Amino acid sequence: MYSSSLLSLESSLGRRTFLRRFGRIAALAGAGSAFYSVPGAFAEELVRTPKQTEGPFYPDHLPLDTDNDLLVINDALTPAVGEITYVSGRILSPAGEPIRNALVEIWQCDQNGAYLHSKTGNGDKRDPNFQGFGRFITGSRGEYLFRTIKPVPYPGRAPHIHYKVKRHGKELLTTQCYIKGFAGNEKDGIWKNIKDEKARAAVTVAFLPLKGSRIGELAAKFDVVLGVTPEA
Ligand SMILES: [Fe+2]
């Protein structure tokens, strides 16, 4: 069963693309109104997503699989260790228009704090089943979706997921998103460095139980508002 919002995503992407992108994860999603249920979003003034450091761990080698399901590498039978989370949202212009054909990249450390990077900490404990990096190209409504793990803290950092948005090969924004209510956010230097309260709130999102999930999956919604409208 798909949620109505996943169905609308399906119609906007076209059935074949949808199945290719979502084949496994849509089947597992078990529906949930958490996706794209943003009534009244446009009634509010959009807060631009603050730019944040790329950090030292953008993958220096790509995983064998770079799709939007970071829990499973290709057709591996063993999934990554961690709390399963569906992270979704939209890529928007400063005026709130959806940005289609934006390439959304995310990367994050695994459950043991190891990145897909040769200089990562805890490299010897890296979860070989965690993809660590994923890509998604937005559809006509600017939507993206990843299945990944709930980010965990590692020395010096509160939990976060790194984001990079590109379009036609041009980098538009590099940022990070955080877990709303995580007590250690206040001690994170990069989080604290976002001085504007609204901008900080815009990158600090709720990780909530996915409705209808019997296995305790989570959903998080993170909309990215670009600083400039990319050229068509
Ligand atoms: Fe990081």
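Only a predicted model underlies this, so the values are computations on that prediction, with no experimental measurement involved. (Residues numbered from 1 in each chain as written. Predicted model: local features only at pLDDT ≥ 70, side-chain atom pairs only at ≥ 80, totals over all residues. Heavy atoms only, no water.)

Right, let's talk about the nonpolar core for a bit. In this structure, Ile91, Tyr144, Tyr163 and Phe222 are the most contacted members of the largest nonpolar core, which totals 32 residues. In terms of residues, this core owes the most to one element, strand S6 (residues 170–179), which gives four residues. Here Ile91 is in contact with Glu97, Pro98, Ile99, Ala102, Val104, Thr138, Gly142, Tyr144, Val165, Val224 and Leu226, once residues within four sequence places are set aside. One finds Tyr58, Cys109, Phe133 and Tyr154 within the second-largest nonpolar core, a separate group that totals nine residues. (Core = buried A, V, L, I, M, F, W, Y, C linked by side-chain atoms within 4.5 Å. Buried < 20%, exposed > 50% of the residue type's maximum accessible area, 1.4 Å probe, protein only. Helix = DSSP H or I, 4+ residues; strand = E, 2+ residues; numbered from the N terminus. Contact = heavy atoms within 4.5 Å.)

As a further point, take the coordination of the iron ion. Coordination sphere of the iron ion, protein contribution only: Tyr115 (OH), Tyr154 (OH), His160 (NE2) and His162 (NE2), at 1.9 to 2.4 Å. Relative to the metal, the four donor atoms surrounding the iron ion lie at angles of 92 to 168 degrees, and the coordination shape comes out irregular. Considered as a linear motif, the donors of the iron ion on their single chain read Y-x38-Y-x5-H-x1-H. With a gap of 45 residues between them, Tyr115 in the loop between strand S2 (103–107) and strand S3 (133–137) and His160 in strand S5 (residues 160–167) connect regions that are remote in the sequence. There is no split in this pair, since Tyr115 and His160 are both buried. (Donors = N, O, S within 2.8 Å, 3.2 Å for Na, K, Ca; no water. Tetrahedral: all angles 85-135°; square planar, octahedral: opposite > 155°, others 65-115°.)

Glancing now at the sheet that holds S5. The sheet built from five strands is open, its strands ordered S3-S2-S5-S6-S7 with mixed pairing. Strand pairing shows two members of the sheet lacking a second neighbour, S3 and strand S7 (204–205), which therefore form its edges. As paired elements, S2 and S5 share five bridges and run antiparallel to each other. Bridge assignment links Glu105 to a residue of S5, and that residue is Lys164. (Pairing = 2+ DSSP bridges.)

Next up on the list: the pairing of strand S1 (residues 84–92). Counting buried residues along S1, eight of its nine residues qualify, which places the element largely inside the surrounding structure. Bridging between S1 and strand S4 (residues 143–149) involves seven bridges; their strand directions are antiparallel. Residue Tyr86 lies in a different strand from S4, and its bridge partner there is Arg147. As defined by bridge partners, S1 adjoins strand S9 (residues 218–221) across four bridges and the pair is classed as parallel.

Here Leu64 shows up in the loop between helix H2 (15–29) and S1. Sequence spacing of Leu64 and Gln131 is 67 residues, and the spatial spacing of their C-alpha atoms is 8.1 Å. Apart from the residues lying within four places of it in its own chain, the contact partners of Leu64 are Ile73 and Asn74.

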